[in-house]
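# Architecture at a glance
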Amino acid sequence: ALSRGELLSHNGGSPIKAKMRYDYYPSRSGEVLFAMKPLFYLDGGSAGAEHGNPYDYDAHVPIIITGPGVRSGTYANQSSPADIGPTLSALLGIEFPAAREGRILTEALSLH
C-alpha cells in the first residue's frame, strides 16, 4: 500500500511502486493505493488477469502494428502503450505528441 504522499513523491522504490505511481491519478484516486500479493484477487471467483495489478503477468499487452514502413516480425523488446503515439508519429512523418513519454519502436520500423 502507498499513501497519496508516497505516490506523489516519485522518490525511487521498487518497480512495483513505480507502476503503482503510473496508476495513480491525483484528482480521481483515493488517499491510499494498494496492490494484492502476486496471484491474489479480491474477487474469490476471478481467474487470470484483472488488468489492474502492477505485476508483469497482468500488465503484458501485445502491440500489433501493420502497414507500409513496418517491418514484419515479432519483437521481445520491452515497450509500453506510451510508445504507440511516438511510433505512429514516426510512421506518418508528423511531429511527436507534446510531452510524450514513450519511445519510437524503431526495431519494428523500416523507415528510410
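## Details of the overall build of the chain
Summing up its helical and strand segments, the chain has 4 helices and 2 strands in all. For the chain, the succession of helices and strands along the chain, N to C, is β-α-α-β-α-α. Relative to a compact globule of 112 residues, whose C-alpha radius of gyration would be 13 Å, the chain shows 17 Å and is clearly more extended. Overall size of the chain, expressed as C-alpha extent along the three principal axes, is 50 × 35 × 25 Å. Evaluated residue by residue, the chain yields a buried proportion of 18% over its 112 residues. Partitioning the intrachain contacts of the chain with sequence separation of at least 6 by distance along the chain shows that 35% fall at a separation of at least 24. Of the accessible surface of the chain, which amounts to about 8,300 Å², a share of 57% is contributed by carbon and sulfur atoms. A distance of 5 Å separates the average location of the 9 positive side-chain charges in the chain from that of its 11 negative side-chain charges.

## Some points on helix α4 (residues 84-92)
Looking only at α4, the buried set comprises Pro86, Thr87, Ser89 and Ala90. The buried residues of α4 all sit within an arc of 160° when viewed along its axis, so they share a single face. Backbone geometry just after α4 places glycine 93 at a positive phi near 70°.

## Topic: the packing of aromatic side chains
Going through the model one piece at a time under the given rule, you end up with 0 aromatic pairs. One residue, arginine 100, lies across the ring of phenylalanine 96, its end atom 4.2 Å from the ring centre.

## Some thoughts on the layout of surface pockets
Space inside the largest pocket adds up to approximately 1,400 Å³. Ala59, Val61, Ser79, Ser80 and Pro81 are, among the 38 residues lining the largest pocket, the residues nearest its centre. Elements that contribute at least two residues to the lining of the largest pocket include exactly α2 (15-23) and α3 (56-59). By residue number, the principal contributor to the lining of the largest pocket is α2, which donates 5 residues. When the residues that make up the lining of the largest pocket are grouped by side-chain class, the tally is 17 nonpolar, 12 polar and 9 charged.

## Overview of the pattern of salt bridges
In the structure shown here, the tally under the stated rule is 1 salt bridge. Between glutamate 107 and arginine 103 there is a salt bridge, and its shortest N-O distance comes to 2.9 Å. Glutamate 107 sits in the buried class, given a relative accessible area of 16%.

## Examining the confidence of the model for the chain
In the predicted model, the chain carries a mean pLDDT of 83, and 90% of its residues have values of at least 70. Ranking the helices and strands of the chain by mean pLDDT puts α4 first, with 91, and α3 last, with 74.

Cut-offs applied
- Residues numbered from 1 in each chain as written.
- Predicted model: local features only at pLDDT ≥ 70, side-chain atom pairs only at ≥ 80, totals over all residues.
- Heavy atoms only, no water.
- Helix = DSSP H or I, 4+ residues; strand = E, 2+ residues; numbered from the N terminus.
- Rg over C-alpha atoms; globule rule 2.2 N^0.38 Å.
- Buried < 20%, exposed > 50% of the residue type's maximum accessible area, 1.4 Å probe, protein only.
- Contact = heavy atoms within 4.5 Å.
- Areas by Shrake-Rupley, 256 points an atom, 1.4 Å probe, with all protein chains shown as cover.
- Lys, Arg positive; Asp, Glu negative; His and termini not counted.
- Charge placed at Lys NZ, Arg CZ, Asp CG, Glu CD.
- Arc of directions from axis to C-beta.
- Phe/Tyr/Trp six-rings, centres within 6.5 Å; stacked < 30°, edge-to-face > 60°.
- Lys NZ or Arg CZ within 6 Å of the ring centre and 35° of its normal.
- 1 Å grid on protein atoms, 1.4 Å probe; cavity = no way out; pocket = protein on both sides within 12 Å on 5 of 7 lines; lining within 4 Å.
- Points joined across faces, edges and corners; volume = space filled by probe spheres on them.
- Nonpolar A, V, L, I, M, F, W, Y, C, P; charged D, E, K, R; others polar.
- Salt bridge = Lys/Arg side-chain N within 4 Å of Asp/Glu carboxyl O.
- pLDDT = per-residue confidence, 0-100.

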